[in-house]
Structures are given as C-alpha cells and as structure tokens.
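Here's the letter readout for the chains.
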Amino acid sequence: MNGQATIKLNTGAEMPALALGTWRLSGTGREQAVGWALEAGYRHVDTAAMYGNEQFVGAGLRVSGVPRDAVFVTTKLAGWDHVRPREAALESLDRLGLEHVDCYLIHWPGGSGADLDVWPVLEELHTERRLKAIGVSNYPVPLVQELLDSADVPPAVNQVEMNPFTHPRDIVAACHDSAIAVQAYSPLGKASRLDDPRVREVAERLGRTPAQVVLRWGIQHGVAVLPKSGDRERIEANGRLFDFELGGDDMASLDSLG
Ligand code: A2P
C-alpha cells in the first residue's frame, strides 16, 4: 500500500504526504480520477473553488466507499471571494457535500498584504470546526511573517509551486521553522522536464519512472506532493512512492537542478 506517509500539522492532524492534484482535470478524468486515486491508496485530494470541480471531487469521495474520516480534503478560497470569505467557504462545503474540510487555504494573496481582513473569518470557521486547518497558498516569506505576526490561529499550511526545477528554498525553510507545513503544487513541473538527463539517470538506475523520482524528491524534502493526472495508470504509478528512497547523492544531484 502506498500514500500512507503523513506530515503532522500544527493543529495536531496528520496530513497525507501524497495528494491527487485536480487543477485542469477534464474528460473522464474529471469524474473518475478521485475514485482511481483512492483505489490506488491516495488519502488526500486537493481542489479549489477556482478549479470549478469541487462537485466532482465530492461525488468521487462519496461513491468510493472510503470513509470520510480516512480522506484529507484541501480546498481554497478564490480571489473574487475575498470580500465574502464566510459564504464562499460554506459554498465550497456545499459543493463538496461535506460538513467540514480538512484544510482551507487562501488561494492567492489578494493584494500586496497578507489578507488580514480575510484571516479572522477563516479563524471563526476553524473554531466552528468547519475548516479543520486553515492556511495560505502562494505566500512569499514576508507575507507569511506578516500573517504570523497578527494571527490568533497560525496558518497550518502554505501551498506553493515546488519541484526540482522550481525550488522555493526560502519559503520552505521559513515555513518549516514556523511549524507551517508545505504542500507542493506542480510537483512534476507540469511534466515539462521529466526527460532531464539527471532525472532520467536516477530513474533508470533505481528502476523507477522519472515522475516517481521527482515526487520522491519532494517527499524527502518534507513536503506534501500534489501530482495532477487524469490518467488511471499515471495516477497509480505516481502513488508508488513509499517503497524506495533517494540517497544523499541523488538528492544533491536533483537539488542542483533548481
Ligand atoms: P495527465 O493528466 O494526462 O496525466 P503537475 O502535477 O506538476 O502540475 O503536472 C501535471 C501534468 O503532468 C499533467 O499534464 C499530467 O498529464 C502530467 N503527468 C502526470 N503524471 C505523469 C507521469 N507519471 N508521467 C508523465 N506525465 C505526467
């Protein structure tokens, strides 16, 4: 079985380190990918109001037969809803058909600041247990710090783009220093550089796919990886990450890519 490694959040909850990413899922994949992922052992699904697919994610969870409490669901507040965060969060829950989500993020900073007007509303919903963990996405270090300085409930998560070619070392270090977990979106670099010679060399030597190597690199950096795929075989293969390890030399070689 795979997909069982977890990262402890500052709320005390365990967040599965492998999630299905769902941005731009289309066709059959939009309706079936969540079911395929759960069958393959994934226990975390990442969606967003902005992706327009929360109802498909919710339906996939319901038909899977996997108990609700066994799955960690992340969704996000769209930029256009910063003026009505409470309503927007509750609408996301309605579309998902869930009483609560495990993690709710401000999808993007709304302006130059840390959205200190939105945050207290998320804190309220967190207290009401509708949002079990609250956090941010695409927040650079100064905004994370600004939020930490004023929040009653510190953010549990920052979701950022991260793969060996785009490696926001400063954000990962600052978040980990402040007990904020990192979720990596586009952990495959949108598959655009999986043919990189250094990635291929490691993959061939270990008998793994380039995608598995790149995802494993993220896991070993202590972040959750959210690979998106609408293809059943790739979803399954991307989930086989917990029966091998990259050595120090391979990590260093991959680190040198970005
Ligand atoms: P598809 O949905 O057809 O599988 P990222 O998660 O970094 O944003 O990357 C998503 C992109 O990578 C999608 O285009 C997805 O296409 C593709 N992809 C997902 N898994 C694999 C894989 N194992 N090998 C090659 N491409 C993949």
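### Observations concerning the overall build of the protein
When its secondary structure is counted, the protein shows 10 helices and 10 strands. Here the protein has a C-alpha radius of gyration of 17 Å; the compact-globule value for 258 residues is 18 Å, and the two agree. By principal-axis analysis of the C-alpha atoms, the protein measures approximately 50 × 40 × 30 Å. Going through the 258 residues of the protein one by one, you find that 55% of them count as buried. In the protein, the share of contacts with a sequence separation of at least 24, taken over all contacts with a separation of at least 6, comes to 73%. Only carbon and sulfur atoms are counted for the fraction: they give 50% of the accessible area of the protein, which is about 10900 Å². Each charge class in the protein was averaged separately, 25 positive and 35 negative side chains, and the resulting centres sit 6 Å apart.

### So, the site of the ligand
Residues in close proximity to the ligand total 14 residues, the closest being Leu188, Lys190, Lys228, Ser229 and Arg234. In the model, an oxygen atom of the ligand is placed 2.6 Å from a nitrogen or oxygen of the Ser229 side chain. At 2.9 Å, a side-chain N or O of Asn238 approaches a nitrogen atom of the ligand. In isolation the ligand offers 570 Å² of accessible surface; the protein chains occlude 75% of this area. Looking at side-chain class alone, the shell around the ligand contains 6 nonpolar, 5 polar and 3 charged residues.

### Some thoughts on the pattern of salt bridges
On inspection of all chains with the given rule, the structure shows 16 salt bridges. The closest approach of N and O atoms between Glu124 and Arg86, which form a salt bridge, is 3.5 Å. Of the two residues, Glu124 is situated in helix H4 (residues 119-127) and Arg86 in helix H3 (residues 85-96); the sequence distance between them amounts to 38 residues. One salt bridge in this structure joins Glu201 and Arg205, with 2.8 Å as the shortest N-O distance. Of this pair, Glu201 and Arg205 both sit in helix H7 (residues 197-206), 4 residues apart, which is roughly one turn of that helix. The structure contains a network of salt bridges with shared partners spanning Glu39, Arg232 and Glu236.

### A look at the pairing of strand E9 (residues 181-185)
In terms of burial, E9 is a largely internal element, 5 of the 5 residues being buried. The pairing of strand E8 (residues 157-161) with E9 spans 5 bridges and is parallel. Across the sheet, residue Asn158 finds its bridge partner in E9, namely Val182. Of the crossover connections in this fold, the one passing from E8 over helix H6 (residues 169-177) to the parallel E9 is right-handed. With 2 bridges joining them, E9 and strand E10 (residues 224-225) adopt parallel strand pairing.

### Topic: the pairing of strand E5 (residues 72-77)
Along E5, 6 of the 6 residues are buried, which leaves the element largely enclosed by surrounding structure. Relative to E5, strand E4 (residues 44-46) is paired through 3 bridges, and the arrangement is parallel. Bridged to His44 within E5 is Phe72. One crossover worth recording links E4 to the parallel E5 by way of helix H2 (residues 54-64), and it is right-handed. Summarising the sheet, E5 and strand E6 (residues 103-106) pair through 4 bridges and their orientation is parallel.

What counts, and where the lines are drawn
- Residues numbered from 1 in each chain as written.
- Predicted model: local features only at pLDDT ≥ 70, side-chain atom pairs only at ≥ 80, totals over all residues.
- Heavy atoms only, no water.
- Helix = DSSP H or I, 4+ residues; strand = E, 2+ residues; numbered from the N terminus.
- Rg over C-alpha atoms; globule rule 2.2 N^0.38 Å.
- Buried < 20%, exposed > 50% of the residue type's maximum accessible area, 1.4 Å probe, protein only.
- Contact = heavy atoms within 4.5 Å.
- Areas by Shrake-Rupley, 256 points an atom, 1.4 Å probe, with all protein chains shown as cover.
- Lys, Arg positive; Asp, Glu negative; His and termini not counted.
- Charge placed at Lys NZ, Arg CZ, Asp CG, Glu CD.
- Near = heavy atom within 4 Å.
- Polar contact = N/O pair within 3.5 Å; in protein donor to acceptor, adjacent residues only side chain to side chain.
- Nonpolar A, V, L, I, M, F, W, Y, C, P; charged D, E, K, R; others polar.
- Salt bridge = Lys/Arg side-chain N within 4 Å of Asp/Glu carboxyl O.
- Pairing = 2+ DSSP bridges.
- Right-handed = clockwise from strand over helix to strand, strands pointing away.

None of the figures reported here should be taken as evidence of function without further support.
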